[in-house]
Amino acid sequence: YISVMSSNNLFSSGKLWLSPMEGVSDLGFRALCSRRRAALTFTEMIRADGLVRKNNATLSLVDTFDGSVSTGIQLFVTKPDVLKKSLAIIRRGIEEKDGRFSNLSVVDLNFGCPSPEIIKLGGGPAMLKRTERMKELLTILRRDSPLPCGIKIRLGMNERERQQKVYLRIVEMVNEIGLDYLTVHPKVASDDSLAPIDFMALQDIIDRSSVPIVGNGFVVDGKSAERMLKMGCSAVMIARAAVGNPWIFEEIDHYLRTGREKI
């Protein structure tokens, strides 16, 4: 079986990715962004335990029926055995040409969602300091994923963890295990949505990483995308700015190619 997208061409089709967004990232919206130059899109965050239990609401979020839309699946998972089972379900879905799974390009694990509900379950940024568990999950991901794979992180739970640079342990782990990319939203979970992103921490991560880094956070136009790419990011992930303006991918692509805003 050959994956739809090999890790080598993960970034060759473009540097603009659409972030997974709850209540937004359905097939219709992803198709719209894809046709406007989003190189890779993502499903909403899927709860891996729901996938394993064959929960209908969870399964309905896995909708990759349109082969022209390059789509990654993002999983929320805290338990190694649940991750193993969900990767087996994804593999089987691809092999059996099940339309929900058959056009997937990437498997992603979410350690960035700051939702209190996710954090209470020990997931998202709360997982970053659990080094042994993280290592176990990433090892299973690399070994069992039928597709190129990566993870999305924040810098930690709070200011103290940012100061302790817990994120650098994760970078070392990702390097060692050899994931295909690492997406970084350079804020901590306790930051409010308008808090600025930490460009120094992002640069530190880029400098220490041997895998491609995808920058995420306040990418709202050509200049903000260019700033992250010039720092050394291999791609940028666009979230809220795409919700009211799916054309943003075309606009940024035009700016990156010409240095001018699209009129």
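Residues numbered from 1 in each chain as written. Predicted model: local features only at pLDDT ≥ 70, side-chain atom pairs only at ≥ 80, totals over all residues. Heavy atoms only, no water.

*Asks:* I'd like a description of the pattern of salt bridges, backed by residues and values.
*Replies:* Within this structure, the stated rule accounts for 19 salt bridges. Across the pair D253 and R37 runs a salt bridge whose closest N-O atoms are separated by 2.5 Å. Here D253 is found in helix α12 (residues 248-258), whereas its partner R37 is found in the loop between α1 (27-35) and β2 (41-47), with 216 residues between them in sequence. Exposure remark for D253: the relative accessible area of 18% places this residue in the buried category. When its relative accessible area of 46% is taken as the criterion, R37 is described as partly exposed. Among the salt bridges present, the one from K135 reaches E176, with a minimum N-O distance of 3.1 Å. Here K135, found in helix α6 (residues 131-144), pairs with E176, found in helix α8 (residues 166-177); they are 41 residues apart in sequence, far enough to count as distant. (Salt bridge = Lys/Arg side-chain N within 4 Å of Asp/Glu carboxyl O. Helix = DSSP H or I, 4+ residues; strand = E, 2+ residues; numbered from the N terminus. Buried < 20%, exposed > 50% of the residue type's maximum accessible area, 1.4 Å probe, protein only.)

*Asks:* Explain the nonpolar core residue by residue, including any values.
*Replies:* I90, F111, I151 and L182 are the most contacted members of the largest nonpolar core, which has 67 residues in total. Here I90 is in contact with L51, I73, L75, F101, L104, V107 and P146, once residues within four sequence places are set aside. Judged by nonpolar contacts, the second largest core, of 11 residues, contains L40, V106, A235 and M237. (Core = buried A, V, L, I, M, F, W, Y, C linked by side-chain atoms within 4.5 Å. Contact = heavy atoms within 4.5 Å.)

*Asks:* Can you lay out the pairing of strand β3 (residues 71-76) for me, pointing to particular residues and giving the numbers?
*Replies:* Taken across its 6 residues, β3 has 6 buried, putting it largely inside the fold. Pairing of β2 with β3 involves 5 bridges; the strand directions are parallel. In the strand pairing of β3, T41 is matched with T71. The pairing of β3 with strand β4 (residues 104-111) spans 5 bridges and is parallel. Within the sheet, the bridge partner assigned to L75 lies in β4 and is L109. Of the crossover connections in this fold, the one passing from β3 over helix α4 (residues 80-95) to the parallel β4 is right-handed. (Pairing = 2+ DSSP bridges. Right-handed = clockwise from strand over helix to strand, strands pointing away.)

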